[in-house]
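What follows is the residue order along each chain.
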Amino acid sequence: MEPDGAAADLQGAPWPRALFADPALEVAPRLLGAVVWHGPVGVRLTEVEAYAGGEDPGSHAHRGPTPRAAVMFGPAGHAYVYFSYGMHHCLNVVCGRDGVAGAVLLRAGEVVAGENGARARRDAGRSLTHPARDLARGPARLTQGLGVDLRHNGMDLCAAGATVHVRQGSAPAASRIRTGPRVGVSGPGGDGTAYPWRFWIEGESSVSAYRPGRVVAPRPR
DNA sequence: CGTGCGATTATCT
DNA sequence: GATAATCGCACGC
């Protein structure tokens, strides 16, 4: 971990809203290397996924602006946080024009500041202590490490003084950026390989393990 | 090391 | 009533 003085040097300029206002597919690779902050905790993004609107069957916005997905149709730069599998939170940044659905799911990153706070949340209720690379490895782990939950849904990340916000970080060399199928996305057409909208930085230990979309097995009776 | 499955509840049909 | 943009643990090799 860096001492506090060095952590300040890691803080780049705040991300302007205009960088979120393009389609999610363009914003996603651009976000790799950027740093998400929640108070003292900073996570440098190493893996993200793009989600679009009606034409994207894997998106929550696929069925229109339901109460949950409405944020995805709103202005760029706001947080879309949803509660998943009855116990996990996932954090997205809304992209695209106001009125057009789009978001980038923040899937994984490395903790570059506030490691103790992140670890305290990740270790809570458990007798083991996590290695540094696991503190934000996976979308639900990332929100847990950052301390982000449904209270942050809809928050404007570009507003001055927002507790959750994005700053410039060390962008990876273009040659290290990889793309592939999104994780865990199922539905008609199966495994989601038709939408290779997952982006990650090759060689980063904090990139989450890839698991193909789960096939629904017939239930025994 | 890899694979399989149960947990637990908001959201949508 | 079914499903889910997941995780962590148990088990087998």
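In this text the structure is predicted, and so the values were computed from the model without any measurement.

Cut-offs used in this document
- Residues numbered from 1 in each chain as written.
- Chains lettered and ligands numbered in written order.
- Predicted model: local features only at pLDDT ≥ 70, side-chain atom pairs only at ≥ 80, totals over all residues.
- Heavy atoms only, no water.
- Patch = residues over 30% accessible without salt bridge, like charges linked within 9 Å, V, L, I, M, F, W, Y side chains within 5 Å.
- Areas by Shrake-Rupley, 256 points an atom, 1.4 Å probe, with all protein chains shown as cover.
- Salt bridge = Lys/Arg side-chain N within 4 Å of Asp/Glu carboxyl O.
- Helix = DSSP H or I, 4+ residues; strand = E, 2+ residues; numbered from the N terminus.
- Near = heavy atom within 4 Å.
- Polar contact = N/O pair within 3.5 Å; in protein donor to acceptor, adjacent residues only side chain to side chain.
- Nonpolar A, V, L, I, M, F, W, Y, C, P; charged D, E, K, R; others polar.
- Buried < 20%, exposed > 50% of the residue type's maximum accessible area, 1.4 Å probe, protein only.

## Quick look at a nonpolar patch on the surface
Then, number 1: A contiguous nonpolar surface patch, about 490 Å² in accessible area, is contributed by Phe83, Tyr85, Met87 and Leu150.
Then, number 2: Tracing the sequence through the fold places Phe83 in strand S3 (residues 79-84).

## Side note on the protein's contact with DNA strand B
Then, number 1: Every residue lining DNA strand B is accounted for by Arg63, Thr66, Pro67, Arg68, Phe83, Tyr85, Gly86 and Met87.
Then, number 2: For DNA strand B, the fraction of atoms within 4 Å of the protein that belong to sugar or phosphate moieties is 70%.
Then, number 3: Thr66 places a side-chain nitrogen or oxygen 2.3 Å from a phosphate oxygen of DNA strand B.
Then, number 4: Between DNA strand B and Arg68 there is a distance of 3.3 Å, counted from a phosphate oxygen to a backbone nitrogen or oxygen.
Then, number 5: Residue composition of the surface near DNA strand B, by class: four nonpolar, two polar and two charged.

## A word on the environment of Glu26
Then, number 1: Topologically, Glu26 is positioned in helix H2 (residues 24-31).
Then, number 2: Look at Glu26 and you get partly exposed, because its relative accessible area is 42%.
Then, number 3: Glu26 sits 64 residues away from Cys90 along the chain, and the two C-alpha atoms are 20 Å apart.

## Section: the protein's contact with DNA strand C
Then, number 1: Around DNA strand C, the surrounding shell holds 22 residues, and the nearest of these are His60, Tyr82, His88, Asn92 and Arg141.
Then, number 2: Counting only the atoms of DNA strand C within 4 Å of the protein, the fraction contributed by sugar and phosphate is 51%.
Then, number 3: For DNA strand C, a phosphate oxygen lies 3.2 Å from a polar atom in the backbone of Ala140.
Then, number 4: Elements with a minimum of two residues in the surface near DNA strand C: S3, strand S4 (88-94), strand S5 (103-113) and helix H4 (139-146).
Then, number 5: At three residues, the largest contribution of residues to the surface near DNA strand C is made by H4.
Then, number 6: Grouping the constituent residues of the surface near DNA strand C by class yields 10 nonpolar, seven polar and five charged.

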